Amino acid sequence: MTPLIQFQQVSKVYGMGNTEVHALWQVDLTISRGEYCAIMGPSGSGKSTAMNVIGCLDRPTSGSYYFDGENVAALDDTALTHIRNRKIGFVFQQFHLLPQLTALENVMLPMVYAGVPAAERRDRATRALQQVGLGDRIVNKPTQLSGGQQQRVAIARAIVNCPLLILADEPTGALDSHTTQEVLTIFEELHQSGITVVMVTHEPEVAKHTQRIVWFRDGQVIEPHLNPKDIGALTAPA
Amino acid sequence: MDFTESLQMAVKTLTANKLRSSLTMLGIIIGNASVIAMVGIGEGAQKYINEQLQTLGPNVLFIVPGNRQTRELGGLEIPRTLVVADADAIQAQVPTVVGVAPEFSSRDLIVFRNRSANASVVGTNEQFLTVRSFEMAQGRFLSKLDLDRHSQVAVLGATLAERLFDQTPPIGQSIRIRGASFEIVGIMARKGSNLGLDYDDAVILPITTQASRLVGQRQSPYGIEVAFISVSAESRESMSRAEFQITNLLRLRHNIRDEDDFFIQSQDTLLNIAGTITGALTVMLAAIAGISLLVGGIGIMNIMLVSVRERTQEIGLRKAIGASQQDILAQFLIEAIILSIAGGIVGTGLGISGILVISTLTPFEAGVSMGAIAIAVGVSGGIGLFFGVFPARQAAKLDPIVALRTA
């Protein structure tokens, strides 16, 4: 079976000429299906850029990126949009729920763009909300929900189109330790159900719950298979 | 994402921000209301003037002294060459003419016993009634005999009869004008004022009597001077022939070599002139209103641009989770179009109410024109589309990464 995520000599360059910035430099990285891994690294290490490329929000400047066996670098915007819609579920630090919509409507949104029939949408969205433990909050607007609840709505939105990958960017960055735990439990459940979960974080406490840590620095992967148990080593990376 | 869904989404977004949505619509509302009201008023004015002209009488030509130039320049002495004898000659010699009524009018004090009223005194002949399509309410009109004999008889307009006589039956009573006394022989039916001439508030005398008893010193060396002569032609078709024949006859009678000292106006030319004026008026009003509609459209563009900026994160998120450029474009376009069409409909309602108010306050029968409504609503939709495209494209082109990162 092909790996879900495969970087081959991926570089991402911003700017031109003298002001060129190499956000990623000839990165090779493979994440298999079903893995639960964290991407870590100091600010400016390229982990955000890597996440954008993994999430098909951005294309590499050079090199190839295979997602689910497809070379993303060769696809146009419409095809990327399609992949994001069907195969990837995004979870953001700031939740990014639409304030004018209810929890249910927020969760239905990806299906709206996927062209799922209206009746089925409501059904699937309700089930997704039940799955994250918010079956009783479907008519609430985001402002009527706590931060943890909002993030769970966002997770429900991420999983509702049955994606191959959950891509989470600092998903616990805006949460307290208790709700962080709730969210991590849900990720663990998703991982158990076979979904690949990739999470960008700078909190070792959070990264500890994953199976594998990919350590970025200066636009390169310097440690592709760090064991979360050796988390102590992170404080003094090579 | 299909259309009804985009529509629902847009409505939800717009209703979530009611104040802004209604303020945005305000420009379009005002623009639309003014287009409809202005066009309605313009058309009403046109209709009013047309009706006024129609009441002048069918197939009527007016012969007025002076040529186009002397009339237009003003200040110049209008020649006093058009006389009652011309009217008689037209009657006798122009075959396509069925009736001729010369008119001369002044304002004088009309006295009945201890009451008096200032009113027009119109001298004319017995054909006035038919040529100008008036009807009698009581008694009789002037007769040929009255004219020949310079009889001191008078016919009253309905308004003047009320003002002077109150309860007394007027027929058979005598009124005094400048010391001469006249017997009332009839009262005309009310017709309403007409291009500033109100025959309801007038007394009609034989023009011969008027000339000898009242005008006296204003006698022209050519005969009994008239202000104008109304001529009714046999039929609508014969009007141009009548005009031609009258022109020739009068040129001959007035010994004209180069420039005419009279001018013939038909109801048609009056209608045309009035039509041109009111048409220009309507266009001008519509243009002014159109500008406000345009300003409303720019308002929509403005607000939509602000809205794109403000909803950058939303746009980024929608793109991240699967909205295509077309989806985003459609979303913002539909919002703009809904705003402008809703504004258009509300504005139309306001415009119609404005027209109804104006109709009750003025003599204009301001019409609610279906065409104007269709155009206004269509145009406002078009404005929404036109001014919505730019902001919508801005939104669609946003890079989701940048958009999501925007705080």
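For the structure itself, consult the block above.
To start, this report covers the structure provided alongside it.

Criteria and thresholds
- Residues numbered from 1 in each chain as written.
- Chains lettered and ligands numbered in written order.
- Predicted model: local features only at pLDDT ≥ 70, side-chain atom pairs only at ≥ 80, totals over all residues.
- Heavy atoms only, no water.
- Helix = DSSP H or I, 4+ residues; strand = E, 2+ residues; numbered from the N terminus.
- Buried < 20%, exposed > 50% of the residue type's maximum accessible area, 1.4 Å probe, protein only.
- Areas by Shrake-Rupley, 256 points an atom, 1.4 Å probe, with all protein chains shown as cover.
- Lys, Arg positive; Asp, Glu negative; His and termini not counted.
- Charge placed at Lys NZ, Arg CZ, Asp CG, Glu CD.
- Contact = heavy atoms within 4.5 Å.
- Buried area = accessible area lost by both parts, 1.4 Å probe.
- Salt bridge = Lys/Arg side-chain N within 4 Å of Asp/Glu carboxyl O.
- Polar contact = N/O pair within 3.5 Å; in protein donor to acceptor, adjacent residues only side chain to side chain.
- Pairing = 2+ DSSP bridges.
- Axes fitted to C-alpha atoms, helices over the stretch in contact; angles between N-to-C directions.
- Parallel < 35°, antiparallel > 145°, perpendicular 65-115°, else oblique.
- Left-handed = near helix turned anticlockwise from the far one by under 90°.
- Nonpolar A, V, L, I, M, F, W, Y, C, P; charged D, E, K, R; others polar.

**Quick look at the overall build of chain A**
The helix and strand inventory of chain A stands at seven helices and ten strands. Going through the 238 residues of chain A one by one, you find that 54% of them count as buried. Looking at chain A as shown, the accessible area adds up to about 10,000 Å², and 50% of this sits on carbon and sulfur atoms. Averaging the locations of the 19 positively and 23 negatively charged side chains of chain A gives two centres separated by 6 Å.

**Overview of the overall build of chain B**
The helix and strand inventory of chain B stands at 14 helices and ten strands. Along the first, second and third principal axes, the C-alpha atoms of chain B reach 105 × 55 × 35 Å. Scored against the burial criterion, the 407 residues of chain B give a buried share of 50%. Sequence-distant contacts in chain B: of pairs separated by 6 or more residues, those separated by 24 or more amount to 78%. Carbon and sulfur atoms form 60% of the exposed surface of chain B, whose accessible area is close to 19,000 Å². The average position of the 33 basic charges and that of the 35 acidic charges among the side chains of chain B differ by 5 Å.

**Comments concerning the interface of chain B and chain A**
Between chain B and chain A, the residue contacts involve 23 residues of the former and 20 residues of the latter. A buried area of about 2,000 Å², summed over both sides, lies between chain B and chain A, and 62% of it is on carbon and sulfur atoms. Per-residue buried area on chain B facing chain A is highest for B:L317, B:I321 and B:I401; these three make up 28% of the total on that side. At the boundary of chain B and chain A, one finds two salt bridges. Note that B:K12 and A:E105 form a salt bridge whose closest N and O atoms lie 2.2 Å from each other. Where chain B touches chain A, the interface holds seven residue pairs in polar contact (both at pLDDT 80 or more). Of all the elements in the fold, those that place two or more residues in the side of chain B that touches chain A are helix 1 (3-16), helix 11 (312-320), helix 12 (325-361) and helix 14 (400-405) of chain B. Among the elements that make up the side of chain B that touches chain A, the one with the highest residue count is helix 11 of chain B (six residues).

**What to know about the sheet that holds strand 6 (residues 88-92) of chain A**
Residues and elements named next belong to chain A. With mixed pairing, the six strands of this open sheet are ordered in space as 6-7-8-3-9-10. Two strands bound the open sheet, and with one partner strand each, they are strand 6 and strand 10 (220-226). The mean inter-strand angle of the sheet, taken between neighbouring strand axes irrespective of direction, is 15°. Bridge count between strand 7 (residues 165-169) and strand 8 (residues 196-200): five bridges; the pairing is parallel.

**A short note on the packing of helix 1 of chain B against helix 12 of chain B**
All names here are of chain B. For the pair helix 1 and helix 12, interaxial distance at closest approach is 9 Å and the crossing angle is 65°. As far as their axial angle goes, helix 12 and helix 1 are roughly perpendicular. Between helix 1 and helix 12 the crossing geometry is right-handed. From helix 1, F3, S6, L7, A10, V11, T13 and L14 reach across to helix 12, where they touch I334, E335, I338 and L339. Split into classes, the residues belonging to the contact of helix 1 with helix 12 amount to eight nonpolar, two polar and one charged.

**A few points about helix 3 (residues 103-114) of chain A**
Most of helix 3 of chain A sits out of view: eleven of its twelve residues are buried. Residues A:A103, A:L104, A:N106, A:V107, A:M108, A:L109, A:P110, A:M111, A:V112, A:Y113 and A:A114 constitute the buried set of helix 3 of chain A. Residues of helix 3 of chain A that are buried sit in contact with helix 2 (77-87), helix 4 (118-131) and helix 5 (147-159) of chain A together with helix 1, helix 11 and helix 12 of chain B. Looking one or two residues beyond helix 3 of chain A, the residue adopting positive phi is A:G115, at roughly 75°.

**Considering the packing of helix 10 (residues 267-310) of chain B against helix 13 (residues 370-397) of chain B**
All names here are of chain B. Relative orientation of the contacting elements helix 10 and helix 13 amounts to 25°, with a least axis distance of 9 Å. With respect to helix 13, the axis of helix 10 lies roughly parallel. As for the relative orientation of helix 10 and helix 13, their crossing is right-handed in sense. Contacts from L293, L294, G297, I298, M301, M304, L305 and V308 in helix 10 reach V379, I383, F387, F390, P391, Q394 and A395 in helix 13. Counted by class, the contact of helix 10 with helix 13 contains 13 nonpolar, two polar and no charged residues.

**Observations regarding the pairing of strand 6 (residues 174-177) of chain B**
Residue and element names in this part refer to chain B. The side-chain alternation of strand 6 yields one buried face, formed by I175 and I177, and one unburied face, formed by S174 and R176. As defined by bridge partners, strand 2 (residues 97-112) adjoins strand 6 across two bridges and the pair is classed as antiparallel. Along strand 6, the bridge assignment pairs I110 with I177. Summarising the sheet, strand 6 and strand 7 (residues 180-188) pair through four bridges and their orientation is antiparallel. Bridging from a neighbouring strand, I177 pairs with A180 of strand 7. Between strand 6 and strand 7, which pair antiparallel and follow one another directly, the connecting turn spans two residues, one of which, R178, has a positive phi of 45°.

This is a description of form; function is not addressed.
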